[in-house]
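Coordinate analysis (summary)
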Amino acid sequence: AVPDDTSPADLGIFAALGDVLGSPADTMRVIRRYVRPGGHLLVSDVFLRDGGSVTFPGFEHYRSRAETVSGLTAWGDVLVSELLEGEAESDAEEGDEDAAAIHRRAVELARRHPDHREQLLAFAAHQAVANAHIAANLVDVVWVLRRSET
């Protein structure tokens, strides 16, 4: 946690916001206080792809781009820039690489800890399914916002 008496910064970088602090508007209410008026907030997160599904457990809170941007700008901050997936690296390729790395590590750990083999491999399999869901249903994005003067 950041102490309440911390001086506001010129730039705040916030990654993978998700719903830890609530809705996008609730989240911005909290994090924007760490950036001075006129400063910038760089937010790296995801939004629900058009036609995407939130039925996978743990993904129920994701919203459309319009709903997410509405929350991010609810306090009068201005969306300055947006970098979407496709303008960066492919989510599907990155998800496949992540799933493969997780599987390799699970196999390695299972060799060292055979009593936990079943749980480790089940975790790796679940991560592969989650990564596939992410690639099919969510869009990676980096937003830059200018904090309002109020």
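Residues numbered from 1 in each chain as written. Predicted model: local features only at pLDDT ≥ 70, side-chain atom pairs only at ≥ 80, totals over all residues. Heavy atoms only, no water.

1. Comments concerning the overall build of the protein
The helix and strand tally for the protein stands at four helices and four strands. For the protein, the sequential pattern of α-helices and β-strands runs β-α-β-α-β-α-α-β. Considering only C-alpha atoms, the protein reaches an extent of 55 × 40 × 25 Å along its principal axes. Here the protein holds 150 residues, and 31% of them are scored as buried. In the protein, the share of contacts with a sequence separation of at least 24, taken over all contacts with a separation of at least 6, comes to 79%. Total accessible area on the protein stands at roughly 8,900 Å², and carbon and sulfur atoms take up 55% of it. Here the protein contributes 14 positively and 25 negatively charged side chains, and the mean placements of these two sets differ by 4 Å. (Helix = DSSP H or I, 4+ residues; strand = E, 2+ residues; numbered from the N terminus. Buried < 20%, exposed > 50% of the residue type's maximum accessible area, 1.4 Å probe, protein only. Contact = heavy atoms within 4.5 Å. Areas by Shrake-Rupley, 256 points an atom, 1.4 Å probe, with all protein chains shown as cover. Lys, Arg positive; Asp, Glu negative; His and termini not counted. Charge placed at Lys NZ, Arg CZ, Asp CG, Glu CD.)

2. Quick notes on the sheet that holds strand E3 (residues 78-84)
Pairing in this open sheet of four strands is mixed, and the strands run E1-E2-E4-E3 from one edge to the other. Looking along the sheet, the strands with just one partner apiece sit at the ends: strand E1 (9-15) and E3. Taken pair by pair, the neighbouring strands of this sheet meet at an average axis angle of 15 degrees, ignoring direction. Of the strand pairs in this sheet, E1 and strand E2 (residues 35-48) are connected by six bridges, and their pairing is parallel. Considered in E2, the bridge of Ala15 is made with Ser44. The strands that helix H4 (residues 117-137) touches are E2 and strand E4 (138-146); relative to E4, the one it contacts most, it runs at about 60 degrees. (Pairing = 2+ DSSP bridges. Axes fitted to C-alpha atoms, helices over the stretch in contact; angles between N-to-C directions.)

3. What about helix H1 (residues 24-31)?
Of all eight residues making up H1, six are buried, and the element is well covered by its neighbours. Looking at H1, one finds that the buried residues are Pro24, Ala25, Thr27, Met28, Val30 and Ile31. Here the buried face of H1 lies against E1, E2, helix H2 (65-72) and E4.

4. A short note on the confidence of the model for the protein
A low pLDDT score tells you not to read the predicted coordinates there in detail. Chain-level pLDDT for the protein is 89 on average; 92% of the residues reach the 70-or-more range. Element-level pLDDT for the protein is lowest in helix H3 (residues 91-112), with a mean of 87, against a maximum mean of 96 in E3. (pLDDT = per-residue confidence, 0-100.)

5. Concerning the packing of H1 against H2
Where H1 meets H2, the closest approach of the two axes is 7 Å, and the angle between their N-to-C directions is 30 degrees. The pairing of H1 with H2 is recorded here as roughly parallel in orientation. Between H1 and H2 lies a crossing whose hand is right-handed. On H2, the residues that touch Pro24, Ala25 and Met28 of H1 are Thr68, Gly71 and Leu72. Across the contact of H1 with H2, the residue classes tally to four nonpolar, two polar and no charged. (Parallel < 35°, antiparallel > 145°, perpendicular 65-115°, else oblique. Left-handed = near helix turned anticlockwise from the far one by under 90°. Nonpolar A, V, L, I, M, F, W, Y, C, P; charged D, E, K, R; others polar.)

6. Quick notes on the environment of Ala16
Relative to the elements of secondary structure, Ala16 occurs in the loop between E1 and H1. Look at Ala16 and you get exposed, because its relative accessible area is 59%. On a C-alpha basis, the gap between Ala16 and Arg111 in space is 32 Å, while along the polypeptide they are 95 residues apart. Setting aside residues no more than four positions away along its own chain, Ala16 makes contact with Ser44 and Asp45.

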